[in-house]
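Listed below, chain by chain, are the residues.
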Amino acid sequence: MSTSHSRERLGLLLGFVGMVIFGGTLPGTRLAVSAIDPSALTAIRAAIAGVCSLAVLIALRRPLPPRALWPQLLLTMVCVVVLFPLLMAMGMQRVDASHGGVVFGGMPIGTALVAVAVTHERPRPLFWIASLVGAALVVAFALRQGGGTLSSGDLFLFAAVAVAAVGYAFSGKLTASMPGWEVISWVLVIALPFSVPAALLTMPADLLQLPLKPLLGLLYVALFSQWIGFFAWNAGMAMGGIARVSQVQLLQPFVTFALAALFNGETITWQIVLFAAAVVATVAISTRTRTQQVPPPAQLVPE
């Protein structure tokens, strides 16, 4: 077996590991918010991941990012570290993780739409058709599950998708200047002056006395969803190729379903699976028909 082929296979494996980690974000958040307020959860997970990021960056003696990149890093921080986790946690207080898995299944479309606007690309008409169909399917699913109306949980999740799309599109641009793991690490370090005080102010007084499952959910989203998952995912895309490894992300909603059934005790109906499969199909079409002006950098993907 050639060295290049072995490298590609390892890249696919790392991409798969990263995707599975991200697939556990909604179930982990659902467990955590059963005992921890969403604002506290957002601050604590950012603080934990930020301290770990700072330790790694210091140990590896990584230089500060160029000043020209700081506005993009700040925007990414607001979207990915503050707004997205907060809105997602508020959504997970109100709907099941499997429900959120369908809604988040369309997130790559949102990220692609923002990227198109930022890079001034001109995708093929089929890209726009697939994107609109995918968005319509997600809204139709939410309406069907809500008896004809959008629940507050859906509104929080839709808002989370919107801010994540902006954050991930701009973080994707940053990976042209530094590795993906370093992007998320610096973003988390920049957030430390805000996340640490916020964590200390909002942290439950009886945090260590909380039930085991919410604590495990907190540690999972802090260490894996917010940080380590990006290490595996971005390394996978660097080794196996962006186009090939990114297709693994299409499996993420189904990983979420399996983990939600296992750890949250949720019932996964055929309706949920069919809607997710339809959304994934539109994502696959939009991804394949999007035209790039330049080869895209390895992008951070939605949690």
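Check the entry above for the structure.
A brief structural summary. Small disclaimer: the values here were computed from a predicted structure and weren't measured. (Residues numbered from 1 in each chain as written. Predicted model: local features only at pLDDT ≥ 70, side-chain atom pairs only at ≥ 80, totals over all residues. Heavy atoms only, no water.)

Let us now look at the overall build of the protein. Looking only at helices and strands, one finds 13 helices and zero strands in the protein. Its C-alpha atoms give the protein a radius of gyration of 18 Å, near enough to 19 Å, the size a compact globule of 303 residues would have. In terms of principal-axis extent, the alpha carbons of the protein reach across some 55 × 55 × 40 Å. Nonlocal contacts in the protein, meaning residues at least 24 apart in sequence, comprise 88% of its contacts between residues at least 6 apart. Carbon and sulfur atoms provide 71% of the accessible area of the protein, an area that totals close to 13,400 Å². Looking at charge distribution, the protein has the averaged site of its 16 positive side-chain charges lying 11 Å from that of its 9 negative ones. (Helix = DSSP H or I, 4+ residues; strand = E, 2+ residues; numbered from the N terminus. Rg over C-alpha atoms; globule rule 2.2 N^0.38 Å. Contact = heavy atoms within 4.5 Å. Areas by Shrake-Rupley, 256 points an atom, 1.4 Å probe, with all protein chains shown as cover. Lys, Arg positive; Asp, Glu negative; His and termini not counted. Charge placed at Lys NZ, Arg CZ, Asp CG, Glu CD.)

For the rest of this paragraph, the subject is helix α4 (residues 70–92). For α4, built from 23 residues, the straight-helix expectation of 33 Å at 1.5 Å per residue is met to within 8% by its first-to-last C-alpha distance of 31 Å. Along α4, the sharpest kink reaches roughly 35 degrees, centred on Leu83 and followed within four residues by the proline Pro85. (Expected span 1.5 Å × (residues − 1). Bend = angle between axes of the 7 residues up to and from the residue.)

This brings us to the environment of Gly91. Positionally, Gly91 belongs in helix α4. Gly91 sits in the buried class, given a relative accessible area of 0%. Taking the C-alpha atoms as reference, Gly91 lies 31 Å from Pro179; in sequence the two are 88 residues apart. Those residues in contact with Gly91 that sit more than four places away from it in its chain are Gly153, Phe156 and Leu157. (Buried < 20%, exposed > 50% of the residue type's maximum accessible area, 1.4 Å probe, protein only.)

Among the surface-exposed residues, Leu10, Leu13, Phe16, Val17 and Leu251 lie close enough to one another that they form a single nonpolar patch of about 420 Å² accessible area. Tracing the backbone through its elements, the reader meets Leu10 in helix α1 (residues 3–23). Note on Leu10: relative accessible area 39%, which makes it partly exposed. (Patch = residues over 30% accessible without salt bridge, like charges linked within 9 Å, V, L, I, M, F, W, Y side chains within 5 Å. Salt bridge = Lys/Arg side-chain N within 4 Å of Asp/Glu carboxyl O.)

What follows covers the packing of aromatic side chains. Enumeration over the complete set of coordinates arrives at nine aromatic pairs. Between Phe254 and Phe257, the ring centres sit 5.9 Å apart and the planes meet at 90 degrees, which makes this aromatic pair edge-to-face. Placement of the pair is Phe254 and Phe257 together in helix α12 (residues 252–263), with a separation of three residues, close to one helical turn. Phe254 gets classed as partly exposed once you look at its relative accessible area, which sits at 29%. (Phe/Tyr/Trp six-rings, centres within 6.5 Å; stacked < 30°, edge-to-face > 60°.)

This part is about the packing of helix α6 (residues 107–119) against helix α7 (residues 125–145). The interhelical angle for the contact between α6 and α7, taken along N-to-C directions, is 140 degrees, at an axis separation of 10 Å. As far as their axial angle goes, α7 and α6 are oblique. Seen along the crossing, α6 lies across α7 with a hand that is left-handed. Contacts between α6 and α7 pair Ile109, Ala112, Leu113 and Val116 from the former with Phe127, Trp128, Ala130, Ser131 and Gly134 from the latter. Residue composition of the contact of α6 with α7, grouped by class: seven nonpolar, two polar and no charged. (Axes fitted to C-alpha atoms, helices over the stretch in contact; angles between N-to-C directions. Parallel < 35°, antiparallel > 145°, perpendicular 65-115°, else oblique. Left-handed = near helix turned anticlockwise from the far one by under 90°. Nonpolar A, V, L, I, M, F, W, Y, C, P; charged D, E, K, R; others polar.)

Geometric descriptors of this kind do not, in isolation, establish any biological role.
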